[in-house]
Structure formats: C-alpha cells, structure tokens
Amino acid sequence: MSWLKKLLILGVILCLCGLLTIAGLYLYVKDDLPDVSTLQDVKLQTPMQVFTADGQLISQFGEKRRIPLTLDEMPPLLIEAFLAIEDSRFYEHPGIDIIGIIRAASVVATSGDFSQGASTITQQLARNFFLTREKKLIRKIKEVFLAIRIEQLLSKDKILELYLNKIELGQRSFGVGAAAQVYFGKSVNELSLDEIAIIAGLPKAPSTLNPVRSPANAKTRRNVVLYRMLTVGAISQDAYDTAIKAPITSKRHGAQITASAPYIAEMVRQEMVDRYGEELAYSAGFQVTTTVNSQQQSIAKRSLQQNLYDYDERHGYRGPVNTLWQATLDPEVTEQPEFKQPDRLEPEQIIAYLDQQQGLEDLVPAVVTEVFSKSVSLIMQGGDQVTIEWDGLKWARSFITDRRQSNAPKTADAILAPGMHVLIRQQDNKWRLSQIPEATSALVAIDPKDGAIRSLVGGFSFSESQFNRAIQAKRQVGSNIKPFIYSAALENGYTLASIMNDAPIHHWDDNAGIAWRPKNSPAVYDGPIRIREALAKSKNVVSIRLLRGVGIDNAIEHLQRFGFTASDLPRNETLALGSASLTPMEVVKGFAVFANGGYLVQPYLIDTITDAEHNLIYQHKPAIACDNCETDIATIPKVSSTLKAETSIKQLYDRLSHHEISDAEFAAATLPIEQPIIAQRVLSKQNSFLIADALTSSVWGGGDWAIGTGWNGTAWRLQELKRRDIAAKTGTTNDSKDTWFSGFTSDLAVTTWVGFDDANRSLGRAQWHANMGQSQSAGTESGARTALPAWLDYMKVISPSLPVKPMAAPFGLASVRIDLKTGLLSRKTDTSSSFEYFISGTEPTQYSSNSVQPISFDSSSEPVEKEVELF
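Quick caveat: nothing in here was measured; it's all calculated off a predicted structure.

Caption draft 1: Quick peek at the overall build of the protein. Per the secondary structure count, the protein includes 27 helices and 32 strands. Residue burial in the protein is summarised as follows: out of 871 residues, 49% are buried. Working note: accessible area of the protein is about 41700 Å², and carbon and sulfur atoms make up 52% of it.

Caption draft 2: Spotlight on the environment of Val-50. Summarising the element assignment, Val-50 is placed in strand E1 (residues 48-51). For Val-50, a relative accessible area of 0% corresponds to the buried category. With 240 residues separating them along the chain, Val-50 and Thr-290 place their C-alpha atoms 7.3 Å apart. Contacts of Val-50, omitting those with residues within four sequence positions, involve Gln-56, Leu-57, Ile-58, Ser-59, Phe-61, Val-268, Val-288 and Thr-290.

Caption draft 3: Fine view of the sheet that holds strand E19 (residues 606-610). Here we have five strands laid out as an open sheet, ordered E2-E1-E3-E19-E20, and mixed in their pairing. The sheet terminates laterally at strand E2 (57-61) and strand E20 (616-619), the two strands that pair on one side only. Going from strand to strand, the sheet's axes swing by 15 degrees on average, the running direction of each strand aside. When E1 meets E2, the two strands line up antiparallel, connected through four bridges. Looking across to E2, one finds that Met-48 is bridged to Phe-61.

Caption draft 4: Summary view of the packing of aromatic side chains. With the rule as written, the count across this model stands at 17 aromatic pairs. For the pair Tyr-263 and Phe-462, a centre-to-centre distance of 5.1 Å together with 90 degrees between the ring planes defines the contact as edge-to-face. A residue pair is termed long-range when its members are at least 10 positions apart, and Tyr-263 in helix H12 (residues 262-276) and Phe-462 in the loop between strand E11 (453-457) and helix H16 (469-472) qualify at 199 residues. You'll find Tyr-263 and Phe-462 in the same group, each marked buried. Measuring from centroid to centroid gives 6.3 Å for Phe-562 and Phe-564, while their planes differ by 25 degrees, and the two rings are stacked. Here the two residues Phe-562 and Phe-564 agree in accessibility, since each one is buried.

Caption draft 5: Structural context of the nonpolar core. Judged by nonpolar contacts, the single largest core of 87 residues is most densely connected at Met-272, Leu-456, Tyr-486 and Phe-744. Discounting residues that sit within four places of it in the chain, Phe-744 has contacts with Phe-591, Phe-594, Ala-595, Ala-692, Leu-695, Asp-725, Ile-726, Ala-727, Ala-749 and Trp-791. Residues Phe-82, Ile-121, Val-176 and Val-225 belong to the second largest nonpolar core, which totals 46 residues.

Caption draft 6: Layout of the pattern of salt bridges. According to the stated counting rule, one finds 38 salt bridges in the structure shown. For Glu-586, the salt bridge goes to Lys-474, with nearest N and O atoms at 3.0 Å. Here Lys-474 lies in the loop between H16 and strand E12 (475-476) and Glu-586 lies in helix H21 (residues 584-595), a separation of 112 residues in the sequence. For Glu-720, the salt bridge goes to Lys-796, with nearest N and O atoms at 3.0 Å.

Caption draft 7: The arrangement of the confidence of the model for the protein in detail. Considering every residue of the protein, the mean pLDDT works out to 84; 81% of them sit at 70 or more. Segment residues 631-639: pLDDT under 50, and eleven contacts once partners within four positions in sequence are set aside and those in other chains are kept.

Caption draft 8: Summary view of the packing of helix H2 (residues 76-86) against helix H8 (residues 193-200). Put simply, H2 and H8 touch, their axes get as near as 9 Å, and they point 45 degrees apart. Accordingly, the angle class assigned to the pair H2 and H8 is oblique. Crossing handedness for the pair H2 and H8: right-handed. Judged by residue contacts, Leu-77, Leu-78, Ala-81, Phe-82, Ile-85 and Glu-86 of H2 engage Leu-193, Ile-196, Ile-199 and Ala-200 from H8. Classifying every residue of the contact of H2 with H8 by side-chain character gives nine nonpolar, no polar and one charged.

Caption draft 9: Quick peek at helix H10 (residues 215-231). Relative to the 24 Å expected for 17 residues at 1.5 Å per residue, H10 spans 24 Å between its end C-alpha atoms, a close match to the ideal helical length. Looking at H10, one finds that the buried residues are Ala-218, Arg-221, Arg-222, Val-225, Leu-226 and Met-229. Angularly, the buried residues of H10 cover 145 degrees about the axis, an arc narrow enough to put them on a single face. Along H10, the residues that are exposed and aim more than 90 degrees away from the buried face are Ala-216, Thr-220 and Tyr-227. Immediately downstream of H10, the backbone of Gly-233 shows phi near 85 degrees, a positive value.

Caption draft 10: Structural context of the environment of Ala-623. On the secondary structure map, Ala-623 appears in the loop between E20 and helix H22 (629-634). Ignoring anything within four residues of it in the chain, the contact list for Ala-623 reads Lys-449, Asp-450, Val-601, Ile-677, Ile-678 and Ala-679.

Caption draft 11: Expanded view of the pairing of strand E9 (residues 430-434). Burial analysis of E9 places four of its five residues in the buried class, which makes it a mostly covered element. Taken together, the five bridges between strand E8 (residues 420-427) and E9 define a ladder with antiparallel strand orientation. When the bridges of E9 are listed, Gln-426 appears paired with Trp-431. Taking the residues that link successive antiparallel strands as the turn, the E8-E9 hairpin has two residues, and the phi of Asp-428 there is positive, at about 55 degrees.

Caption draft 12: Structural view of the side chain of Ser-214. Mapped onto the fold, Ser-214 is located in the loop between helix H9 (206-209) and H10. Taking relative accessible area as the criterion, Ser-214 reaches 14% and is therefore assigned buried. Excluding residues within four positions of it along the chain, Ser-214 makes contact with Thr-208 and Leu-209.

Caption draft 13: Representation of the side chain of Asp-568 in the model. Examined against the element boundaries, Asp-568 turns out to sit in the loop between helix H20 (552-560) and strand E17 (581-582). Residue Asp-568 is classed as buried on the basis of its relative accessible area of 16%. Polar side-chain contacts of Asp-568 include one of 3.0 Å to the side chain of Lys-474. Discounting chain neighbours no more than four positions away, the residues touching Asp-568 are Lys-474, Ala-580, Ser-581, Leu-582 and Glu-586.

Caption draft 14: The arrangement of the pairing of E2 in detail. In terms of burial, E2 is largely enclosed, as five of its five residues are buried. Taken together, E1 and the strand that follows it, E2, pair antiparallel across an intervening segment of five residues, in which Gly-55 is found at a positive phi of about 85 degrees.

Caption draft 15: Quick look at helix H7 (residues 176-184). Counted residue by residue, H7 has nine buried out of nine residues, so it is predominantly covered. The inward-facing, buried residues of H7 abut H2, helix H6 (156-166) and H8. Two residues or fewer past H7, Gly-185 is found with a positive phi of approximately 65 degrees.

Caption draft 16: Just the packing of H8 against H10, in detail. Contact pair H8 / H10: the axes reach a minimum separation of 8 Å and the direction vectors enclose 105 degrees. Considering the angle they form, H8 stands roughly perpendicular to H10. In this structure, H8 uses Leu-193, Asp-194, Ala-197, Ile-198 and Ala-200 to contact H10, whose residues at the interface are Arg-222, Val-225, Leu-226 and Met-229. Looking at side-chain class alone, the contact of H8 with H10 contains seven nonpolar, no polar and two charged residues.

About the thresholds
- Residues numbered from 1 in each chain as written.
- Predicted model: local features only at pLDDT ≥ 70, side-chain atom pairs only at ≥ 80, totals over all residues.
- Heavy atoms only, no water.
- Helix = DSSP H or I, 4+ residues; strand = E, 2+ residues; numbered from the N terminus.
- Buried < 20%, exposed > 50% of the residue type's maximum accessible area, 1.4 Å probe, protein only.
- Areas by Shrake-Rupley, 256 points an atom, 1.4 Å probe, with all protein chains shown as cover.
- Contact = heavy atoms within 4.5 Å.
- Pairing = 2+ DSSP bridges.
- Axes fitted to C-alpha atoms, helices over the stretch in contact; angles between N-to-C directions.
- Phe/Tyr/Trp six-rings, centres within 6.5 Å; stacked < 30°, edge-to-face > 60°.
- Core = buried A, V, L, I, M, F, W, Y, C linked by side-chain atoms within 4.5 Å.
- Salt bridge = Lys/Arg side-chain N within 4 Å of Asp/Glu carboxyl O.
- pLDDT = per-residue confidence, 0-100.
- Parallel < 35°, antiparallel > 145°, perpendicular 65-115°, else oblique.
- Left-handed = near helix turned anticlockwise from the far one by under 90°.
- Nonpolar A, V, L, I, M, F, W, Y, C, P; charged D, E, K, R; others polar.
- Expected span 1.5 Å × (residues − 1).
- Arc of directions from axis to C-beta.
- Polar contact = N/O pair within 3.5 Å; in protein donor to acceptor, adjacent residues only side chain to side chain.

Structure (structure tokens):
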C-alpha cells in the first residue's frame, strides 16, 4: 500500500508539474499568439475573375488559384479522404490529438527526429493562417494553444471548411476546389476516387507529391491515402482495387476560360490595378463583369483572323517553318550542299519532334510525309495523319515582295516536299496549308447609345503580341476622316447638294519648292459633283476643296468635338486626306456621334464589380445619348414637400386609399426614379443625320443603272446585308500603309483596321493568278478590299440580332426634290432628280419649274407641306 501511495503521490506531482509547465509555456508565448477571432470573418486570398456580360469567364488574375467552396458543396468522399489521411479522430479531439502527440514524442525521445507529424487539422489550420511551416518546438507549442483557442471559437464543420479552402496543394493551387481544376480540369464533384486520393495526399508535401511534377511520387502517396480510406471504412475493397489500378493522367490546367478575349482581359486587369492597387486587385476575389457579349466577341475574333489569312494568301506563301529532311539527292549533280540533311524520319521521330513545337491560335504544326500531284499527306501534332487537297494548297504561289508573287502553282510538289515542317488549319471542315500572318489588325464595336464595348480584338494573337492595336496604335486614318470634314462643311454653309469641282489639284508650295498634286484613288475625276456623291465615292480633291472652304482652324475645332485631340490633327491640307493619326477606338467613338444623333459617348468596358461575397461594390453609370430623356423626366409627377416628409409607406398608402394622392404621386414617392446622365451633345441632330444619311450612299450608291447613270459608293459590298440603315466609310492611307473601314447602325458602331506594325510598310498589291478564289481578288490593298471584309463577316452574323431601324429625319430638316446634276430644285420626277435633305433654310432657292412642294420638318409633331413659289 505504501508503494502504491508513493506512486500515486508521484503521479499527482508529475501532473501538477505538467500543468505548471503548460501554464508557464502559455504565459511565455501568450503575448506572441495572434487573435484567432479573425477566423470568424476570414478573407481568403482569391484571384480576380473577369466575365462577359452573359456570364462567360474571360480570364483570372492572381498568384494564388482558389475556388472557395462550402462544406456542403464538397463531395463526402473527398472529406473522408482528408480525414482518413490527415486526422481520423478530428471530430473526437479538442483540437490536439493526445495519442498523436505521445507517438511523436516517443519518436523524438528515441531518435531526436522532429519530423514525425502529430498535427491535427485544427493545428494545420492554425499554422496555415498564423504560423510558419518550420519544424521548431516553440512553433509547435504555439500551434497547440492556437488550436485549442480555435476549437473554442469555431464549430468542427467550420474548421474543416476553412482548412479545405486554405490548404496549399501545389502548382499555385490553394484549396480543394482549385486543386481539382488545376490537376484535372474538373470541379470537385466530378472527381473520381483515385483523383480524390491524389489531392488528399498533397498537404504533406505539395511541391514534390503533386502529379504534374512527379507522377511516381503522386501514385505512391495516392495508394497510401486509398489504404487509409479502406482501413477506416470510407471505401469498399472493390472501390479500392479499382482506384489503385488507375493510371496517373494529371496535367496542369489553366482557369476554365469559356470566352476568348485576352485583349479585353488585359484592359480590365490594368483598370482594376489602377483602381484598387495590384495586391488587392489580385487577391480580393473581385468578380468583374464586362459589357462584352461572348458570342459577338468570338465572331469578332474569327472575322479578324480569317480576314488576315485571306490577305496573307493573296500575297503568297513564304515557305515552311523548317525542313527536317530533303528528298534523295541526284547522284548526277556534282555540287552537293555542305550540310547534309538527315535521312527521312520515322513517324515516331516526327511525332516526338512535333511535340516540342508551338502552334499559334488555330495553326497546328505538321510535317509533310508524302506529296502527290494535287494533295499532300502530313503528320500533325498529336500524331494524327491528315491530307490537304488541292483547294487547300493552290493559293500558295511564292511570296516575292508585298507587291509581287510568283506564278500560280500547278502541282503540289511545286509548293511542298516531304520533310517540311509547316503550319495547317481547318477552314470549312477541311485542312488547309497556312502560315502566321505578318500583317495585323484590330476590330472594335461599341453601342453608340452609351459607349459600351461589345467586341474588341487588338491583334491576330495576344500570345504573339500583347500590343493592343485597338486602343494603343495611332495610325493615319485616311478617308475615314472625311465624314468629319464634311460635317464641318455642313456647319459652314454647305449642303449635301452643294456642287464641288472634282478635278485635279496643282498647288505650288513655296517653302518646299515643289508642287503638291493630291489625286483621287482611283485617279478618276467626275467634274462638277454633289457633296453626297463625293463623300460616297471618297473623292480626295473634293475633301481638300471643302477643307479650304471651311478653313483649317475651323475644321480642327469641329473635329475636336468628336473627341479627337488637337495634337493628333495636322494643321495643313493633308488633314482632308486623313493624315491624322488616331486609334481604332478613337475612330469608332467619333463615328458613334453620327450614329446616336450628335452625342459624344465615352467607351467603357467594366459594367459591374462584386466582391468575394458577391456584394455589388461598383456599377458603371454611363452618360447616354438620349433625345427624349429630358422630356421623359419632365413627365414624372412632382412630389409635394408633404409627401417628401413622409417616410412611412403605410402613411402614403393610407393617403392613397382615401384618395388624397394619386396613383402617380404614390409611385413617384415610393419608387424614386434615378435621372439618367445625359452625354454631351457635340453636334446638332440635323448635322449628324445628314452625314449618317449621306454615308448610306457609300453602300447603296445612286443614279439609274438601267440608263447608265448608276454609280456605286466605296462600301457597295455591304449591299449583301440587305439593310438600308447601315452607314459606312472606307479609309486608305498613302501607299496603302493603313486600311480602315467604319460603319454603324443606330445600335452598333464598328471600326476595323488592317496594316503592319511597321508603319512604313505598305500592304502592297496582290497580282492576279488563275487559282484565285473570291477572297483572293487581285488589286492594290485598300479599305474596301482589306479592312471591309472583316467588318462584313462580323456583321453578317451580328446583323440579324440588330433590328432594322431606318433613320428618321429629325425636326428642322426639309426634304426637296433636286436636279442631280446641278443640285437645284427640280420639277421632274424621273431619274434625273431625287429628294435631298437640307437643314431648314439652306435648301436651294433656284427652281427648274413654276412650283415645288418641299416637306419641312419643323417643331410640330408631324411634317407639314408648304407651297414654295418659284421665281
């Protein structure tokens, strides 16, 4: 009994010593322990995501990949896997596992090895949020006390949820949601058992056990997890047997991008960094919704790229990327090359070579294996063997210069040979020889009513060049400037029926000592011509004469109304020919003024921003183009001061029930209407209408083809759309270095540009050859030939979704019948005359008959007819 008593006393003393030790340790580290209450409102570092207006993911920015999930959103088997391998007694212990600690302590006592793990999930959570991963005793002590505090503060489920969202799992993925996406391209609910086991095995050493870096290590660790799951009864023997035989098939997946718009994503990234700073923008979990429609964006990209392919094919094939081997050399040839190519490679060698090559966009690396008379066989990246028929080859005459190409090939061996590494792509479900275009392009489409960007493509490929030509490339705009010059002319006494002399200009420059002889393109001169027709035909010399009539200073002042910067507008007569350098965004913004009735809207891309909890923190409120908004606001019932003072809806309802206030007053008091922000009017609605209407003549022309007086405008190819509400203008600079096309309806304004990044390089000329298709027509590159097709392809798909809205003439205009040759009033009703619009008071005063009845749009609600006496 005395021995047991002594042993009991010793035990009590040891317990007291242990408690005193624990108390001492707690007092020692207490001041260094962080406040675990922050876990109650923890903000996990989550990347910024950028979406289209219709909810498609464009991009994700942030160093850490994380997809926060609630515990209910995680599959039970995934939770069981982590519990089995990391903390099987999680729901039983108070934050520290005494059994695990004793096991770890025994290892330390016997071997001095501190690497033995005994951390519970709660301890790991404490370490991940508040401590480092270094294996030191003091860190372990802090970890224990923090775990106990956390268990007192949070429920077990909340602790587990935070852990599974916080844990580092390699490849910059944090949390199980991100790991599932990074390693398998799946959501957590799509994971198979063996994939779950791989992810559950990662916390021990995420950098060395992840399946991307080391499939062997990942497999070994996976099998350990599966065995633990079997041991604790989480899975059956059959499930274990199946999962353990599964191969490791993981590869690194990026974010699940569902809409390709990298130039837009970069614009959003830069704006968010400017707005919130880099650290917050990348980690606060912002979700940014843009104004871009995913389908329209996809169409814009496809149209731009196809147009560049077509241009490139018109100018010839520049040859293969590489030559792996050459055909057997002719023994009769005495001069052999110094470097001897290797013999023909085997298919396995070709595939291995192609695996190391890079494609671009839809261009796929391939190696020619056989050449026939009118076709070739190739092995493409991935190992598939494909055939390119003659239709996919015949375009490939040799490129000589931007202005010269060789003769059309007649057989496939004149183009390709076995061993050539080439790029191919699919077009109309058929493979086609191709190459990376050297020319580049931009396309931007905005809503002219408020400036919302609907589509934007800044180049052929963002991965090739991050330079966003839609907003960064200032290039000479050519004839795209003319509508703005003509608008200035209308402000200074000209009308669409004014007659100008379309004749060559010879202007001696005393300073330069040479004559300036600007020419039309093509160099065709029609003599006296109406302004409407001159704009539709893009007559250069008429534009210069109009600029002279308006005055350069007046013209520049007028052009600045459209948002153009004075420093970009040269103060000389070349301004009339488009020597001003503007970006495609600036150009489309200017054309939007004509489309919306005279308002300058500001293009914008970000519509809303929400935080990680989906709370709205920003809503863009654009200034809109709206003629009737002020009238609409005026019709809202005025709320009396008495109603304003009454904050109770019940009080207002009682007064409504007793007929003390009207329904309209009740609605106005309870549903306050936010007044819209109206954009700045920079142009009269009459001027904007006249230019827009004149630009429809660029599409539909005029005259009568039946009697030989018909004529086309430069945008006549748009007649294919069969819409009378499209206004458009081509643009080509000197020597075809830049080509433009801008057009609009009342709902969409679109500008395309095509050129080289080297501003001094001409787009050249495509020579005719027998193999040319419709997209490969010969001739000098121009706005109509080079930039228009991308615009047209885009609008072919977009147009059906845009209601046809013929432009309605605003009040303050008069429509009278004029003689087409003289611009004077006419009594004739044949093809020699037509109706023309004029700002009231500017219509002609000379007549060709005794009377005419013009239709005048005044301030009344309906147009009225008034008799005009002719003298």
